[in-house]
Amino acid sequence: VVQHHFLAVGKAARELLKARARANTANTVVISQHYPGHCMKEVFEGALPPARKGQVKVLCVYGHTHDQKCDGNDPETGVCTMIMTGGGGGCCGPEVNLGGFSAIHLEDDGGF
């Protein structure tokens, strides 16, 4: 029962990302979710209309683990596009004393 529920939630998430990609008009998209390694950036980019492919910048933000770091950069610009921001908001000290948040400035030209 639980596995069926999780599979249904995952399928619904993929369908929502596809629908949002098809309706997208923004230059930059932030996909924020809980678990690292599950951004589904490729699902979003694959569902973009042909004229929008390669035009939309996607930034992935996630947490879960108690760490704060960049997990991946745009190969052209070097800008971090895969942000682990699971510092825990001050939990678990003194072992974990990170803020656990990110502030992202989205620019009119699609940059961040």
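Since the model is a prediction, treat every value here as computed from it, not as a measurement.

**Q** Any chance you could explain the side chain of Thr-81 here in plain terms?
**A** Structurally, Thr-81 can be placed in strand β4 (residues 80-85). Judged by relative accessible area, Thr-81 falls into the buried class, the value being 7%. With sequence-adjacent residues up to four places away left out, Thr-81 is seen in contact with Val-58, Leu-59, Cys-60, Gly-72, Asn-73, Asp-74 and Phe-112.

**Q** Can you walk me through the sheet that holds strand β1 (residues 28-32) in this structure?
**A** Across a sheet, paired strands are connected by hydrogen bonds in the backbone, their directions being either parallel or antiparallel. Taken in spatial order, the four strands line up as β1-β2-β4-β3 in an open sheet, and their pairing is mixed. Both outer strands of the open sheet, β1 and β3 (68-73), are each paired with one neighbouring strand and no more. For this sheet, the mean inter-axis angle between neighbouring strands, taken without regard to orientation, is 20 degrees. In terms of strand pairing, strand β2 (residues 57-62) meets β4 through three bridges, oriented parallel. Of the residues in β4, the one forming a bridge with Val-61 is Ile-83.

**Q** Quick question: what am I supposed to make of the confidence of the model for the chain here?
**A** Atomic detail in the predicted coordinates should be set aside for any region of low pLDDT. In the predicted model, the chain carries a mean pLDDT of 86, and 87% of its residues have values of at least 70. Confidence, read as mean pLDDT per element, is least for β3 in the chain (89) and greatest for helix α2 (residues 41-47) (95).

**Q** Would you take a moment to explain the side chain of Thr-28 for this structure?
**A** Among the secondary structure elements, Thr-28 is positioned in strand β1. Exposure remark for Thr-28: the relative accessible area of 13% places this residue in the buried category. In this view, Thr-28 contacts Lys-57, Leu-106, Gly-110, Gly-111 and Phe-112; residues no more than four positions away in its chain are not counted.

Thresholds, definitions, all that
Residues numbered from 1 in each chain as written. Predicted model: local features only at pLDDT ≥ 70, side-chain atom pairs only at ≥ 80, totals over all residues. Heavy atoms only, no water. Helix = DSSP H or I, 4+ residues; strand = E, 2+ residues; numbered from the N terminus. Buried < 20%, exposed > 50% of the residue type's maximum accessible area, 1.4 Å probe, protein only. Contact = heavy atoms within 4.5 Å. Pairing = 2+ DSSP bridges. Axes fitted to C-alpha atoms, helices over the stretch in contact; angles between N-to-C directions. pLDDT = per-residue confidence, 0-100.

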